[in-house]
Amino acid sequence: MAGLTIYLLQKYGIDGYGGMLIYKQIAGWAFSILLIGMFFYINVPVRNFFAKQQNQLQDNNNLALQQSNATVE
């Protein structure tokens, strides 16, 4: 955002600061949408991976419990 401000200052000067605010606001929204999109792009596969790992761990624990109950009987 600082780089955008420098670029806009060089292009429009101090007199065009009002117009610069509009560009900066739009750039801020675009950057926010990009960050939210990347969060979901990364978060969904990570959650699926951990859910699969959790299910696999529970299945292993249930199998071990069943085997230990079979040996006790």
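Because the structure is predicted, anything quoted here is derived from the model rather than measured.

**Side note on the overall build of the chain**
Here is step 1: Of the regular secondary structure elements, the chain holds 2 helices and 0 strands.
Here is step 2: On the principal axes, the C-alpha backbone points of the chain span a range of 85 × 15 × 10 Å.
Here is step 3: Every one of the 73 residues in the chain was classed for burial, and the buried ones make up 5%.
Here is step 4: Summed over all atoms, the accessible surface of the chain reaches about 6,400 Å², with 65% contributed by carbon and sulfur.

**Things to note about the environment of Lys24**
Here is step 1: Mapped onto the fold, Lys24 is located in helix H2 (residues 17-72).
Here is step 2: Taking the C-alpha atoms as reference, Lys24 lies 9.7 Å from Ala2; in sequence the two are 22 residues apart.
Here is step 3: What Lys24 contacts, discounting residues up to four positions off in sequence, is Met1, Leu4, Thr5 and Leu8.

**Observations regarding a nonpolar patch on the surface**
Here is step 1: Residues Phe31, Leu34, Leu35, Met38, Tyr41, Ile42, Val46, Phe49 and Phe50 make up a contiguous nonpolar surface patch of about 950 Å² in total accessible area.
Here is step 2: By the element assignment, Met38 lies in helix H2.
Here is step 3: Judged by its relative accessible area of 40%, Met38 falls in the partly exposed class.

**Focus: the side chain of Thr5**
Here is step 1: Along the chain, the position of Thr5 falls in helix H1 (residues 2-12).
Here is step 2: Excluding anything up to four places from it in sequence, Thr5 contacts Met20 and Lys24.

**Here we look at the environment of Gln67**
Here is step 1: Position of Gln67 relative to the elements: it lies in helix H2.
Here is step 2: According to the relative accessible area criterion, Gln67 is partly exposed, its value standing at 49%.
Here is step 3: Here the alpha-carbon distance between Gln67 and Ile36, two residues 31 residues apart in the chain, equals 46 Å.

Conventions and cut-offs
- Residues numbered from 1 in each chain as written.
- Predicted model: local features only at pLDDT ≥ 70, side-chain atom pairs only at ≥ 80, totals over all residues.
- Heavy atoms only, no water.
- Helix = DSSP H or I, 4+ residues; strand = E, 2+ residues; numbered from the N terminus.
- Buried < 20%, exposed > 50% of the residue type's maximum accessible area, 1.4 Å probe, protein only.
- Areas by Shrake-Rupley, 256 points an atom, 1.4 Å probe, with all protein chains shown as cover.
- Contact = heavy atoms within 4.5 Å.
- Patch = residues over 30% accessible without salt bridge, like charges linked within 9 Å, V, L, I, M, F, W, Y side chains within 5 Å.
- Salt bridge = Lys/Arg side-chain N within 4 Å of Asp/Glu carboxyl O.

Purely spatial values, then, with no claim about function.
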